[in-house]
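Here is what each chain is made of, one letter per residue.
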Amino acid sequence: MKRLFSFFRNDLFFSISLLLAIIAVTLGRFSIQDINIKVIATLGGLMLIISGLDSTGILSYFGQVLVKKSLTLRQLIRYWPAPSF
């Protein structure tokens, strides 16, 4: 129980998201047909991929390369979305 409480206290973003989801489900109209399993599975897969890339340090490396490559904040903002394409 102590470990669970520690998890929710340390991961504030997840805790707030969970609280808002519970409020939305209890106060709003909710139907089981509203859940799209394909979208949830795709988002879960993307989160696993990003987590794997983050644990290897590749995301930090690319972030450092972008910061070194840009001389001004304007260039950094211009280079930032480029890896998306």
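Only a predicted model underlies this, so the values are computations on that prediction, with no experimental measurement involved. (Residues numbered from 1 in each chain as written. Predicted model: local features only at pLDDT ≥ 70, side-chain atom pairs only at ≥ 80, totals over all residues. Heavy atoms only, no water.)

J.: Explain the overall build of the protein chain here, please?
T.: The helix and strand tally for the protein chain stands at five helices and zero strands. Each helix and strand of the protein chain, ordered N terminal to C terminal, gives the series α-α-α-α-α. For the protein chain, the C-alpha radius of gyration of 19 Å lies well beyond 12 Å, the compact-globule estimate for 85 residues. On the principal axes, the C-alpha backbone points of the protein chain span a range of 50 × 35 × 25 Å. Split into buried and exposed, the 85 residues of the protein chain put 4% on the buried side. Roughly 8,200 Å² of accessible area belongs to the protein chain as shown, and the carbon and sulfur atoms make up 71% of that amount. (Helix = DSSP H or I, 4+ residues; strand = E, 2+ residues; numbered from the N terminus. Rg over C-alpha atoms; globule rule 2.2 N^0.38 Å. Buried < 20%, exposed > 50% of the residue type's maximum accessible area, 1.4 Å probe, protein only. Areas by Shrake-Rupley, 256 points an atom, 1.4 Å probe, with all protein chains shown as cover.)

J.: Hey, could you run me through the confidence of the model for the protein chain in this one?
T.: Interpretation of this model should avoid reading the predicted coordinates in detail wherever pLDDT is low. Taken as a whole, the protein chain shows an average pLDDT of 88; of its residues, 98% reach a score of 70 or greater. Mean pLDDT in the protein chain bottoms out at helix α1 (residues 2-10), which sits at 85, and peaks at helix α3 (residues 37-56), which reaches 94. (pLDDT = per-residue confidence, 0-100.)

J.: Please explain a nonpolar patch on the surface as it appears in this structure.
T.: On the surface, a cluster of nonpolar side chains totalling about 960 Å² of accessible area is made up of V39, L43, L46, I49, I50, L53, I58, L59, Y61, F62 and V65. Per-element accounting of the nonpolar patch gives the leading share, six residues, to α3. Position of V39 relative to the elements: it lies in helix α3. (Patch = residues over 30% accessible without salt bridge, like charges linked within 9 Å, V, L, I, M, F, W, Y side chains within 5 Å. Salt bridge = Lys/Arg side-chain N within 4 Å of Asp/Glu carboxyl O.)

J.: Any chance you could explain the side chain of S70 here in plain terms?
T.: Relative to the elements of secondary structure, S70 occurs in the loop between α4 (58-69) and α5 (73-79). At 3.0 Å, the side chain of S70 forms a polar contact with the backbone oxygen of L66. Separated by 3.3 Å, the side chain of S70 and the backbone oxygen of V67 make a polar contact. Not counting the four nearest positions on each side in its chain, S70 is found in contact with Q75, L76 and Y79. (Polar contact = N/O pair within 3.5 Å; in protein donor to acceptor, adjacent residues only side chain to side chain. Contact = heavy atoms within 4.5 Å.)

J.: Would you mind showing me how to read the packing of aromatic side chains here?
T.: Ring pairs (aromatic) are described by centroid distance and by the angle formed between their planes. Here the structure, examined in full by the defined rule, presents four aromatic pairs. Both rings, one in F8 and one in F14, keep their centres 5.9 Å apart while their planes meet at 20°; by these two values the pair is stacked. For F8, a relative accessible area of 28% corresponds to the partly exposed category. Judged by centre distance (5.7 Å) and plane angle (55°), the ring pair of Y61 and F62 falls under tilted. Each member of the aromatic cluster is reached from another via a ring pair, and the members are F7, F8 and F14. Residue placement shows K69 over the ring face of Y79; its charged tip is 5.5 Å from the ring centre. In this arrangement the basic side chain of R78 is found over the ring face of Y79, its NZ or CZ atom lying 5.6 Å from the centre. (Phe/Tyr/Trp six-rings, centres within 6.5 Å; stacked < 30°, edge-to-face > 60°. Lys NZ or Arg CZ within 6 Å of the ring centre and 35° of its normal.)

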